[in-house]
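Residue-level structural notes
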Amino acid sequence: MTPMPGRLEDIDLSRRNRLVVYYVLAIVGVVLLYTLLYNAGMRVFEGRPQSVFRSFQTVTETMTTTGYGADSPWATPVMNGFVVFMQLSGIAIGFFTLRLIIIPLFSEAEVNLDSRLTPKSDHVVICEYRRDSAVLLDELGELGVDYVLISSDKEEARSLSDAGYSVIHGSPQEAESFRRAGIDTARAVITDAGDANVNTILTVRSVRGDVEVVALTDDSDLEDVLLDAGADSVLSPRAVLGRRLAEKAVASFGGGLRDTIELGADIEVTEIPVHYDSQLVGTRVRDSGIRERTGANIIGAWVDGELQLPPDPDAVIRPNTVLLVSGGHSSLEELSEFTRPARSLRGHERVVVAGHGEVGRPALAVLEAAGIETVTIDTRDGEGVDVVGDARTKRTLREAGIEDAGAVIVGLPDDSAALLTTVTVRSLRSDIETLVRVSDTDATAKALSAGADYVLSVPQVSARMVAGELRGEDVLAPASQIRLIRVPATPFAGSTIASSGIYETTGCRVVAVDDGDSLSATVDPQRELTGDEQLVLVGTDEAVQQFEKRFEVSREESA
């Protein structure tokens, strides 16, 4: 049982809420003091002794100006003066109550965002996050990582704070902002301040030299500069995104598997997208024959944008379906071949890259290293640009050779342009593999609807990279919403996997059991657990968090 806090300061309340509690306690104290003084005055000066409850009623009526009961009038100057004093103090208390509590609660009056923060320790200070702050803050919340976001945009800070996030308004280039954010007890600082990153890092180091500093940048050329300024690590989400898209394209040309996690004993887990012209398209999961033909197990699937763990046997596999599978490396390689288009791409190993920016350049590097021919489209001429034009037009796409290419990577910075390009590509080629980058998380579903085979969003990739840096947890890819954890089977000793209630109560699925001697990816639902095993679970962020809360498994026990 958790011990009761001994003091108000020990309760996890924001500074504003503690102020309200103190204020209410002060009012109660004043009323009780007045009651005792009034009761004594009626007995000593007025010669009319009465119960303390009657005195309490009269004090309350006087301070709230609702009336004075049967005690009025008073004969002595002392009591008349005391009653007048109570009246004036009641008016003053009413004024301060209105200003400190009522107005901030029911109007848009100015509030101090710092007062909303709960006490912080071992938290992360985030500076000027520019990639959809809510996505990162939700990611950290699901991981149980406490944080404070410093935003120089007053309206954004107020909006996020009103939504329940721990945000303060301030400049990350001012040491005082970090002190207000509790940097003395923080575990790390994340800075995404663009051109002000160096200034921010130097400010952090001037306040506290031993805190971990992680910098995010869209310019990969700045990595050495940021490290020299004092950053411990530098993340370039757009560069990672570009490489991931290119790796998916390389896999289509027989480049092997990407984004696999080894569980041990030659058992791996990976995500494999089903391509537009694959022989699997249109078949039901139960009729796919994947296990019989490849030996791989389907443990989950993204169908129409919804994760199914396990997949509905009657679910129809469509273009853009992503299968979550486990098995030996050779089985997964065979399944990867199985999910590719029925036509051979070997004669058309050319990839069109739309956009030669922070996404396009890293993608080109991966493709060229794999020996795949590339054609780059950009609106401005420059080194590495093959076709100067608008990738949204059929003319430019035809000039780039889209009609006999194997894949196209859409790395345009504007989501509207990316969506239009995707639709235009599909109108020219219904069978080409289309991989798209989007800047807004909400645009992911739109890109899939437009015909994209694979989509990565900058906010999701950025959030996953930060979470991975802070937690060191395994994820299949920066944009994957799947997390694998390894937990002791102690809470389930004596029960079978089917009767454990893991899936029914949390949404996590057991994909492997390690009994110390062997790791089995073929899970028998009726297997009785001794409690000495290790269970490998797969689930979404929310499902994993629910599992850990319900069965009291600490994150230190998670893999």
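What follows covers helix α14 (residues 415-428). Spanning 14 residues, α14 covers 20 Å between terminal C-alpha atoms, matching the ideal 20 Å at 1.5 Å per step. Counting buried residues along α14, ten of its 14 residues qualify, which places the element largely inside the surrounding structure. Among the residues of α14, D415, A417, A418, L419, T421, T422, T424, V425, R426 and L428 are the ones counted as buried. Next to the buried residues of α14 lie α13 (394-399), β15 (407-410), β16 (433-438) and α15 (443-450). With a side-chain oxygen lying 3.2 Å from the backbone nitrogen of S416, the N-terminal cap of α14 falls on D414.

This part covers the side chain of S326. The residue S326 is located in strand β11 (residues 322-327) in this model. By relative accessible area, which is 1% here, S326 ends up buried. Contacts of S326, omitting those with residues within four sequence positions, involve E268, V269, A296, N297, I299 and L332.

For the rest of this paragraph, the subject is the packing of aromatic side chains. Scanning the model with the defined rule gives two aromatic pairs in all. Measuring from ring centre to ring centre gives 5.9 Å for Y34 and F85, while their planes differ by 65 degrees; the resulting arrangement is edge-to-face. You can see Y34 sitting in helix α1 (residues 15-44) and its partner F85 sitting in helix α3 (residues 77-106), a full 51 residues away along the chain. Ring geometry for F492 against F547: centres 6.2 Å apart, planes inclined by 35 degrees, an arrangement best described as tilted. Of this pair, F492 sits in the loop between β18 (482-488) and α17 (502-506) while F547 sits in helix α18 (residues 541-550), placing them 55 residues apart in sequence. As far as burial versus exposure is concerned, F492 and F547 are alike and both buried.

Here we come to a negative patch on the surface. Together, D132, D138, D440 and D442 make up a region of like negative charge exposed at the surface. Here D138 is to be found in helix α4 (residues 133-143). On the basis of relative accessibility, which here comes to 37%, the residue D138 falls in the partly exposed class.

What follows concerns helix α12 (residues 360-369). Listing the buried residues of α12 in full gives G360, P362, A363, L364, V366 and L367. Two residues or fewer past α12, G371 is found with a positive phi of approximately 75 degrees.

In this structure, D192 sits in the loop between β4 (188-191) and α7 (197-207). Excluding residues within four positions of it along the chain, D192 makes contact with C127, E128, Y129, R130, R131, N197 and L216.

In this section: the environment of S152. Mapping S152 onto the fold places it in the loop between β2 (147-151) and α5 (154-162). The class for S152 is partly exposed, based on a relative accessible area of 40%. On a C-alpha basis, the gap between S152 and C127 in space is 8.8 Å, while along the polypeptide they are 25 residues apart. Once residues lying within four places of it in the same chain are set aside, the contact partners of S152 are E128, H169 and G170.

With that settled, consider the confidence of the model for the protein. The share of residues in the protein with pLDDT of 70 or more is 83%, and the mean pLDDT across the chain is 80. Scored below 50 in pLDDT, residues 1-6 shows two contacts in the model against residues more than four places distant or in partner chains. In this model, residues 342-347 is a region of pLDDT below 50 whose contacts with residues beyond four sequence positions or in other chains number twelve contacts.

On the surface, a cluster of nonpolar side chains totalling about 250 Å² of accessible area is made up of V24, V28 and L32. Its location among the elements puts V28 in helix α1. Overall, V28 belongs to the partly exposed group, its relative accessible area being 44%.

Judged by pairing direction, the sheet is parallel, and its six strands sit side by side in the order β3-β2-β1-β4-β5-β6 without closing on themselves. What marks the edges here is a single partner per strand, and that holds for β3 (167-169) and β6 (233-235). On average, each strand axis in the sheet is inclined to that of its neighbour by 20 degrees, with strand direction left out of account. The pairing of strand β1 (residues 124-127) with β4 spans four bridges and is classified as parallel. Each bridged residue has a counterpart across the sheet, and for C127 the counterpart in β4 is T191. Sheet strands in contact with α5 are β2 and β3, and its direction is about 155 degrees off that of β3. The strands touched by α7 are β1, β4 and β5 (212-216); relative to β5, the strand with the most contacts, the crossing angle is about 175 degrees.

What follows concerns the sheet that holds β15. Judged by pairing direction, the sheet is parallel, and its six strands sit side by side in the order β14-β13-β12-β15-β16-β17 without closing on themselves. The strands lining the two open edges of the sheet, one partner per strand, are β14 (387-388) and β17 (454-457). Where strand β13 (residues 373-378) meets β14, two bridges bridge the pair, whose relative direction is parallel. Across the sheet, the residue bridging to I377 is V387, located in β14.

Close contact between α14 and α15 brings their axes to 9 Å; oriented N to C, the two are set at 15 degrees. By the criterion of interaxial angle, the relationship of α14 to α15 is roughly parallel. Where α14 crosses over α15, the two elements pack in a sense that is right-handed. Of the residues in α15, those touching α14 at D415, L419, T422, V423 and R426 are A443, K446, A447 and A450. For the contact of α14 with α15, the class distribution of residues is five nonpolar, one polar and three charged.

Cut-off values and rules
- Residues numbered from 1 in each chain as written.
- Predicted model: local features only at pLDDT ≥ 70, side-chain atom pairs only at ≥ 80, totals over all residues.
- Heavy atoms only, no water.
- Helix = DSSP H or I, 4+ residues; strand = E, 2+ residues; numbered from the N terminus.
- Expected span 1.5 Å × (residues − 1).
- Buried < 20%, exposed > 50% of the residue type's maximum accessible area, 1.4 Å probe, protein only.
- Contact = heavy atoms within 4.5 Å.
- Polar contact = N/O pair within 3.5 Å; in protein donor to acceptor, adjacent residues only side chain to side chain.
- Phe/Tyr/Trp six-rings, centres within 6.5 Å; stacked < 30°, edge-to-face > 60°.
- Patch = residues over 30% accessible without salt bridge, like charges linked within 9 Å, V, L, I, M, F, W, Y side chains within 5 Å.
- Areas by Shrake-Rupley, 256 points an atom, 1.4 Å probe, with all protein chains shown as cover.
- Salt bridge = Lys/Arg side-chain N within 4 Å of Asp/Glu carboxyl O.
- Lys, Arg positive; Asp, Glu negative; His and termini not counted.
- Charge placed at Lys NZ, Arg CZ, Asp CG, Glu CD.
- pLDDT = per-residue confidence, 0-100.
- Pairing = 2+ DSSP bridges.
- Axes fitted to C-alpha atoms, helices over the stretch in contact; angles between N-to-C directions.
- Parallel < 35°, antiparallel > 145°, perpendicular 65-115°, else oblique.
- Left-handed = near helix turned anticlockwise from the far one by under 90°.
- Nonpolar A, V, L, I, M, F, W, Y, C, P; charged D, E, K, R; others polar.

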